[in-house]
Structure formats: C-alpha cells, structure tokens
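# Fold and geometry: a report
Residues per chain, in single letters:
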Amino acid sequence: DTCKGRHMKEKKISGFSVGNAYIENGLCLAPMAGVTDRAFRRVCRECGAEYTVSEMVSSKAICFEQLSKKNIPSKTAPLAAVLREELPMAVQIFGSDPEFMARAAKMIETGEYRGSLSDCTPTAIDINMGCPVQKVFGNGEGSALMKDPALAEKIVRAVVDSVSIPVTVKIRTGIDEENKNAAEFAKALEAGGASLICVHGRTRKQMYAPGVDIKTIADVKRAVKIPVVGNGDIYSASDALNMVRNTGCDGIAVGRGAMGNPWIFSEIKAVLAGEDYTYPSIRERLETAFLQAEDEVREKGEDIAVREMRKHISWYMKGMRGAAEARFRINTASSLDEIREIIDGVAESDE
C-alpha cells in the first residue's frame, strides 16, 4: 500500500487552463453516469482531484421540463446543479440537436431553469460525444456523433455561441477499429470553438474492455492546439505517468480507477512531487466510505442514498478480508445504520 517516490520529481504534467481556472497538475475526475454525483465528487476533490465533471445531463430533458405545467420535481435539475464549493467544475450535456444543446447550455450557465439548485456558474459546459451505451448511441447521441464530424462541429459552434464560458468535449478514439477518426474529429471540434478535448482511449465498439489506445490520444494531441486530456485505464500513478509520457497530453482524467479509490489522485500528486505515498488504513478507507454515505443521505434522502451507495461501498471494500460476505449484506442494506454496522465489521476483522 506504499507508493515509493523516485527521490526526484517526475516530469510535471503540464496542466491546463479552462477559462479563468488553472488546473495545475491536470488531475481530473472523469464523468460517469450513476457514479460521479456530488457526494463522490466531493470525496475525490478532498483526495486531490483538481477538476470534476458532472454526470451527463440530457439537453432535451432539461428543455422539455421547462414546458411542464405540472408541479412535478425536476429530475434533471439535481444533475445540473453547481455549488461554489465545487469549482472548478464542468456540467456535461448530451444530445444531437444543436438548438436543444445550445438552449440547455445557456440555462445551465445562467441557472435559469425550473428547479435549479445551482448557486454559481459552472467553469465550463462539457459535451458528451463519447458515451457508448446503446440507449444513447441508438439515438444518434454520445459516441454516435463521431460518425458525423460536420454535425458535431455544428453542435459545438451552437453551444459556444450561446454561452460565455468555455465549451469542452469528451470523445472516444472512434466507432470501431476500422473507423478511428479521433484526430480529424478533434480538428472539427476545435474549429467549432471547443476549448479542450478529453479523449477516452477506446472505440465505441470496445465499450470498457481492457486496453487503451495511447497512440490515438497522442495523435489527437498533435492534431490540435487546444489542451488535450487523456482518459482510460488509469488505476495508479504509474498508469497516469505512462499516459502523459506517451501522449504528451496536458492532463489525465481518472474514471473507474477512482471508484472505491479516490486516493489515486493523492498518489499521483505524491509521485509528481517525488514523494512516497502511503495509502490510508482499511479503517480510514471505510470511514471515508461512510462519510460519503452520510453526505449522500443529506443530498438524496436515506432510501435513495443507501441504494446508490451499495455499489460504492462494495468498491471501497474490494480486496479486504471478509469483503465477499460484506458485499452480500450491503446489497440488501436498507438504512445508514446497517451500512455502519457492516463497515465496522469489516474494519474490525482487519485489526
């Protein structure tokens, strides 16, 4: 659990600017639907993440919700909310219609929409052009846009023209091995006015299968003048440094590598500074998990929070003694008290 420093500083990640925000070490938490909610983003920031992105927000959903005459709580507003304490942070939107995307971006920038919970303007609007799931892809959204660079550029231009904050884009390497067009696609996004591009080093067909395409991320970096962030298979500081060395990217975005391990950001920072890093004890890790659960309850209420925390706590427990049995109990837990009891049991078994 100890990451050894190299007694000299590693080559520093160049970092990047997004509007007025400077991301010194380029350490980003990648957006993940159903994972990177506010409670988890807060934990990652406390562990060293310098820049975060919301779960993705449907542009059509936030627009159509404004037309509702019924007094029904907005399902989209909580996803789009930005609090001052979270800055620098981007809100990610998805869709395939330039008009809807522009309208949604403007509403999120100003906070002028039904049910808004924001108390400030986001650092940037991020556009999802990388989601591979069929529900999104089948609607011509997410990674499907990589089949139509002209439409993608039009979307970026429409959003850029509608807001006064930076517009960034998340993409993949392409649709499949035969259609890896990330470098040319990135040029179109840059021409549309994008301020930064984050590249997930897999094709849409790969989904999340192991193996990340470093070469294509490097190709994107060479193709554009705006900052490029590399994403994919970053589970340790060495993975992060490998990404930077071999792509020249300005920052790295950690996704699944942070699930149950928000300390990955602390580890990367330590290695960059040439310092040793010791991971927290099992008790300390599980205490962090419980604090996240408490935060989740405050945000969403106990019923929803407990259901959503089941997967997070299972991730935190990975590799711990008694984790298999504990995960079974976690998946049937219905209260914060039950979670506390299960966590204490696992922590005590290690002492």
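Check the entry above for the structure.
Calculation notes
- As a convention, each chain's residues are numbered from 1 in the sequence order in which they are written.
- Given that the model is predicted, a residue must reach a pLDDT of at least 70 before its local features are reported, and side-chain atom pairs must reach 80 or more before they are shown or counted; all residues, however, enter totals for whole chains, interfaces and linings.
- Side-chain measures here rest on the full set of heavy atoms in the structure, leaving out hydrogens and waters.
- The nonpolar core is taken to be a set of buried Ala, Val, Leu, Ile, Met, Phe, Trp, Tyr and Cys residues, with the residues joined through side-chain atoms within 4.5 Å.
- Each residue gets one of three labels from its accessible area relative to the maximum for its type: buried under 20%, exposed over 50%, partly exposed in between, using a 1.4 Å probe on protein chains only.
- Secondary structure elements are taken from DSSP: a helix is a run of H or I of four residues or more, a strand is a run of E of two residues or more, and numbering for both begins at the N terminus.
- Here, two residues are considered to be in contact whenever any of their heavy atoms come within 4.5 Å of each other.
- Aromatic pairs are defined between Phe, Tyr and Trp rings, using the six-membered ring for Trp, whenever the two ring centres lie within 6.5 Å; interplanar angles under 30 degrees are classed as stacked, those over 60 as edge-to-face, and all others as tilted.

I127, M129, I171, L189, I252 and M317 are the most contacted members of the largest nonpolar core, which has 97 residues in total. Among the nonpolar cores identified, the runner-up in size contains 14 residues, and A21, A30, A124 and A253 belong to it.

Further remarks concern the side chain of E109. Along the chain, E109 turns up in helix α4 (residues 98-110). On the basis of relative accessible area, E109 is assigned to the buried category, the value being 7%. Beyond its immediate sequence surroundings of up to four residues, E109 is in contact with T121, P122, S162, V163, S164 and I165.

What follows deals with the packing of aromatic side chains. If you walk through the whole model with that rule in mind, you get four aromatic pairs. Geometrically, the ring pair formed by F16 and Y51 is edge-to-face, given 6.2 Å between the ring centres and 85° between the ring planes. One end of the pair, F16, is in strand β2 (residues 16-18); the other, Y51, is in strand β5 (residues 51-53), with 35 residues separating them in the sequence. Of the two residues, F16 and Y51, neither departs from the other in class, the shared state being buried.

Attention now moves to unusual backbone geometry. In this model, L87 is joined to P88 through a cis peptide bond whose omega is 0°. Counting through the fold element by element, P88 comes out in the loop between α3 (77-80) and β7 (89-94). Phi at M207 takes a positive value of approximately 55°, unusual for a residue other than glycine. With respect to the helices and strands, M207 occurs in the loop between β10 (196-203) and α8 (214-223). Even without glycine at this site, D233 takes up a positive phi of about 55°.

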